[in-house]
Amino acid sequence: DGGITQSPKYLFRKEGQNVTLSCEQNLNHDAMYWYRQDPGQGLRLIYYSQIVNDFQKGDIAEGYSVSREKKESFPLTVTSAQKNPTAFYLCASRSDGNQPQHFGDGTRLSIL
Amino acid sequence: AQKVTQAQTEISVVEKEDVTLDCVYETRDTTYYLFWYKQPPSGELVFLIRRNSFDEQNEISGRYSWNFQKSTSSFNFTITASQVVDSAVYFCALSPIIQGAQKLVFGQGTRLTINP
C-alpha cells in the first residue's frame, strides 16, 4: 500500500546523544516535511524539502538536522543541541502544486 | 504574521448531538488555503478538507460541513449527529497560495470527545 512510514514508533534518547528518526514514502511525492507536536499544542514546522538534495529550515530548526539524498527518504536527526527533545514527531509529504500534505503515524521521542 | 486560533481546547458531547469546532485565522496574504485535519488516538493526521480563499461556498461531506466566512476570518467545522468514532483532536491550519513550499500554520487543536 502507498503511504508514509515513520520508524521507530517509540524512541528513547540519553543525554548528549544524537538520534535519527526515519521517514520513508512510496507516494512519489516531491515535498517532505518534519513537524514537532508538544502536548496540547499544534504542530510546528522543523524542516522541509521540496526536492532531492535541497531542504530549508522551518520555524524551529535549532538542534535538528535533515538530509534528502533520495526522493523517498527524509530522515531527521535530533542532536544533543536540542535541549528539550521530548515530543511527538510527524513526517508529511505532498505532491506538486498545492495538494494537501499527508502524514505518517509519528515517532514519540522521550529522554532517559 | 500568520496565526490560527482554535479557542475551544476540549469539547465533550453525547452521541448524536451536533457539534461545531471554531477556527479563526489571521493573515496578510490575499490568497491562502485553509485546512482541517483529524488526529485520532493512533497519532497520524488525517486530511479532511482544503478550501481556498476565493471560494466562500459552504461544503458538506456526509455528516461533516464547513462554514467559511472571509468577513470574520473564520472556518468552522460542524459534525452532525456525532458518533463515538468522531472522537479525536481536530486541527485547523492555514497556508499561503504560492508556488513552492506549503508551510502550514496550525491552530492548537480541539480535543473532541463523543460519549455513548
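Attention here is on the structure that accompanies the text. (Residues numbered from 1 in each chain as written. Chains lettered and ligands numbered in written order. Predicted model: local features only at pLDDT ≥ 70, side-chain atom pairs only at ≥ 80, totals over all residues. Heavy atoms only, no water.)

**Focus on the layout of surface pockets**
Turning to step 1, where the next piece is worked out: Taken as a whole, the largest pocket spans an internal volume of roughly 550 Å³.
Turning to step 2, where the next piece is worked out: Contributing to the lining of the largest pocket are 29 residues, with A:Gln37, A:Arg108, B:Gln39, B:Val89 and B:Arg111 lying nearest its centre.
Turning to step 3, where the next piece is worked out: Counting residues per element, the ones that place at least two in the lining of the largest pocket are strand E9 (87-94) and strand E11 (107-111) of chain A together with strand E10 (88-96) and strand E12 (110-115) of chain B.
Turning to step 4, where the next piece is worked out: Here the residues of the lining of the largest pocket are counted per class, giving 10 nonpolar, 13 polar and six charged. (1 Å grid on protein atoms, 1.4 Å probe; cavity = no way out; pocket = protein on both sides within 12 Å on 5 of 7 lines; lining within 4 Å. Points joined across faces, edges and corners; volume = space filled by probe spheres on them. Helix = DSSP H or I, 4+ residues; strand = E, 2+ residues; numbered from the N terminus. Nonpolar A, V, L, I, M, F, W, Y, C, P; charged D, E, K, R; others polar.)

**Describing unusual backbone geometry**
Turning to step 1, where the next piece is worked out: Along the chain, A:Ser7 connects to A:Pro8 via a cis peptide bond; the corresponding omega equals -10°.
Turning to step 2, where the next piece is worked out: Here A:Pro8 shows up in the loop between strand E1 (4-7) and strand E2 (10-13).
Turning to step 3, where the next piece is worked out: Despite not being glycine, A:Asn53 has its phi angle at roughly 65°, a positive value.
Turning to step 4, where the next piece is worked out: Judged by relative accessible area, which is 61%, A:Asn53 ranks as exposed.
Turning to step 5, where the next piece is worked out: Positive phi outside glycine occurs at B:Ser73, with the angle close to 50°.
Turning to step 6, where the next piece is worked out: Mapping B:Ser73 onto the fold places it in the loop between strand E8 (64-69) and strand E9 (74-79). (Buried < 20%, exposed > 50% of the residue type's maximum accessible area, 1.4 Å probe, protein only.)

**Some thoughts on the interface of chain A and chain B**
Turning to step 1, where the next piece is worked out: The interface is formed by 21 residues belonging to chain A together with 22 residues belonging to chain B.
Turning to step 2, where the next piece is worked out: Between chain A and chain B we count zero salt bridges in total.
Turning to step 3, where the next piece is worked out: The tally of links between chain A and chain B comes to five residue pairs in polar contact (both at pLDDT 80 or more).
Turning to step 4, where the next piece is worked out: Per element, the largest residue contribution to the side of chain A that touches chain B is four residues, and it comes from strand E5 (residues 43-51) of chain A. (Contact = heavy atoms within 4.5 Å. Salt bridge = Lys/Arg side-chain N within 4 Å of Asp/Glu carboxyl O. Polar contact = N/O pair within 3.5 Å; in protein donor to acceptor, adjacent residues only side chain to side chain.)

**Remarks on the state of the cysteines**
Residues and elements named next belong to chain A.
Turning to step 1, where the next piece is worked out: Under the definition given, this model contains two disulfides over all chains.
Turning to step 2, where the next piece is worked out: With a sulfur-sulfur separation of 1.9 Å, Cys23 is cross-linked through a disulfide to Cys91. The sign of the S-S torsion, about -75°, decides the handedness of the disulfide formed by Cys23 and Cys91: left-handed. Of this pair, Cys23 sits in strand E3 (residues 19-25) while Cys91 sits in strand E9, placing them 68 residues apart in sequence. (Disulfide = S-S within 2.5 Å.)

**A word on the side chain of A:Arg68**
All names here are of chain A.
Turning to step 1, where the next piece is worked out: Considering the arrangement of structural elements, one finds Arg68 in the loop between strand E7 (64-66) and strand E8 (76-78).
Turning to step 2, where the next piece is worked out: Despite its burial, Arg68 remains without a salt bridge, the nearest opposite charge being carried by Asp30 at 6.2 Å.
Turning to step 3, where the next piece is worked out: Polar side-chain contacts of Arg68 include one of 3.3 Å to the backbone oxygen of Lys70.
Turning to step 4, where the next piece is worked out: Here the side chain of Arg68 touches Lys71 through a polar contact of 2.7 Å, landing on its backbone oxygen. (Lys, Arg positive; Asp, Glu negative; His and termini not counted.)

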